[in-house]
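Observations on the three-dimensional arrangement
Here's the letter readout for the chains.
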Amino acid sequence: MDTERLIELVRRGPVLEALLEEGTMDRREIERRLGVSRSTVHRSTGSLRDSGLVERTDGAFSLTPLGEVCAREVTGLERTVGTAWEIAPILRAARDHDIALDVETFVDATVTTAAPGNPYRPVARFMSLLEDTDTLRGLDPASINPLHIDELCDRIADGMVTEAVFPSAVLEELLVSNPERARTVVESGNLVLLAHDDLPFGLTICDDRVGVGVYDDETGLLRTYVDTDSPAARDWADAVFAEYRSAATTLVEHDELSEFPSARAMAEDGSG
């Protein structure tokens, strides 16, 4: 296919997608659906008819068999490229750690990004997922947001079975900053903590959804969080978590846990 024809397909993509979804539409229906003028619809349908992608019968437009194929492919291309654009920071982090990531796995994902007026949108989205899960496994290369750490610890103490891998420095900060809180969650028996000092991104695996997040280097806040219930994404997340968990060390080696016998017992019983 020549470049001009491909560009024309992408340009007329909204009309192709509308006809693919609706089957048959007249000019006014296309105008209303796309919010465009009569002349724009006239140019688009005329170009698509000349290319053999659209046909007109009794004043209504529909896709030809060739048009159906092209519409599906163009729509899929736009969705994949759009997703890649939104999750670009995650793609970079995955590449930097030699982790394969298929963009199509996250095409239907919810993408939450920090905004100037609301920098906590991504972490708020993550916390909302914890309301409906009984288990949590994950990787986190940064400190837990202070605004949410008590809520997260309460969920663990109340029964959310959690396995979390953090960098050593983050673990030490969590344990030393509030020893009583650390004691409560560790002695609940619902928490396994592990250390790994080269984590690629934040990864969360809940009962029904998995999420991936990256942090802002300057603020340390979660910048982009992407979550989905895609089975393919869960398989990918399970594999990534298993790889990093197997290479992590348990907290039995950390002096900060010496005063927590139950945590030491968890590690020695083979949790790592």
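Further up the page is the structure itself.
Cut-offs used in this document
Residues numbered from 1 in each chain as written. Predicted model: local features only at pLDDT ≥ 70, side-chain atom pairs only at ≥ 80, totals over all residues. Heavy atoms only, no water. 1 Å grid on protein atoms, 1.4 Å probe; cavity = no way out; pocket = protein on both sides within 12 Å on 5 of 7 lines; lining within 4 Å. Points joined across faces, edges and corners; volume = space filled by probe spheres on them. Nonpolar A, V, L, I, M, F, W, Y, C, P; charged D, E, K, R; others polar. Helix = DSSP H or I, 4+ residues; strand = E, 2+ residues; numbered from the N terminus. Phe/Tyr/Trp six-rings, centres within 6.5 Å; stacked < 30°, edge-to-face > 60°. Buried < 20%, exposed > 50% of the residue type's maximum accessible area, 1.4 Å probe, protein only. Pairing = 2+ DSSP bridges. Contact = heavy atoms within 4.5 Å. Axes fitted to C-alpha atoms, helices over the stretch in contact; angles between N-to-C directions.

**Overview of the layout of surface pockets**
- Quantified by volume, the largest pocket comes out at close to 620 Å³.
- For the largest pocket, the lining is made up of 43 residues, of which Phe 126, Asp 140, Ile 144, Leu 152 and Phe 166 are closest to its centre.
- For the lining of the largest pocket, a count of residues per class yields 29 nonpolar, ten polar and four charged.
- By volume, the second largest pocket is sized at about 280 Å³.
- If you go around the second largest pocket, the residues you meet are Pro 89, Arg 92, Ala 93, Asp 96, His 97, Pro 141, Ala 142, Pro 200, Val 214, Tyr 215, Asp 217 and Arg 223.
- Every element with two or more residues in the lining of the second largest pocket is listed here: α6 (88–96) and β9 (210–215).
- When its residues are assigned to classes, the lining of the second largest pocket shows seven nonpolar, one polar and four charged.

**Quick notes on the packing of aromatic side chains**
- The tally for this structure, following the rule as stated, stands at three aromatic pairs.
- With a centroid separation of 5.7 Å and an interplanar angle of 90 degrees, the aromatic rings of Phe 106 and Trp 236 are classed as edge-to-face. With a gap of 130 residues between them, Phe 106 in the loop between α6 and β4 (110–113) and Trp 236 in helix α11 (residues 231–247) connect regions that are remote in the sequence. A single burial state applies to Phe 106 and to Trp 236, both of which are buried.
- Consider the rings of Phe 126 and Tyr 225, whose centres lie 6.1 Å apart with planes at 70 degrees: the pair is edge-to-face. Residue Phe 126 is found in helix α7 (residues 121–129), and its partner Tyr 225 is found in strand β10 (residues 222–228); the two are separated by 99 residues along the sequence. You'll find Phe 126 and Tyr 225 in the same group, each marked buried.
- Taken together, the aromatic side chains of Phe 106, Phe 201 and Trp 236 make up a single cluster linked through ring pairs.

**A short note on the sheet that holds strand β6 (residues 161–166)**
- Pairing is mixed in the open sheet, where eight strands are placed in the order β4-β10-β9-β8-β5-β6-β7-β11. Of all the strands in the sheet, the pair left with one neighbour each is β4 and β11 (249–250).
- Sheet topology note: the β9/β10 ladder contains six bridges and is antiparallel. In the sheet register, Val 210 faces β10, and the bridge partner there is Thr 228.
- In the packing of helix α9 (residues 168–177) onto the sheet, contacts are made with β6 and β7 (191–195), and the angle to β7 comes to roughly 135 degrees.
- In the packing of α11 onto the sheet, the strands contacted are β5 (135–139), β6, β7, β8 (202–205), β9, β10 and β11, and the crossing angle to β8 comes to about 115 degrees.

**With respect to the environment of Thr 224**
- Assignment of secondary structure puts Thr 224 in strand β10.
- A residue is classified by how much of its surface remains accessible, and Thr 224, at 4% relative accessible area, is buried.
- C-alpha of Thr 224 to C-alpha of Glu 86: the two residues are 138 residues apart in sequence and 8.7 Å apart in space.
- Look past the residues within four positions of Thr 224 in its chain and what remains in contact with it is Glu 86, Pro 89, Val 111, Thr 112, Thr 113, Pro 122, Val 212, Gly 213 and Val 214.

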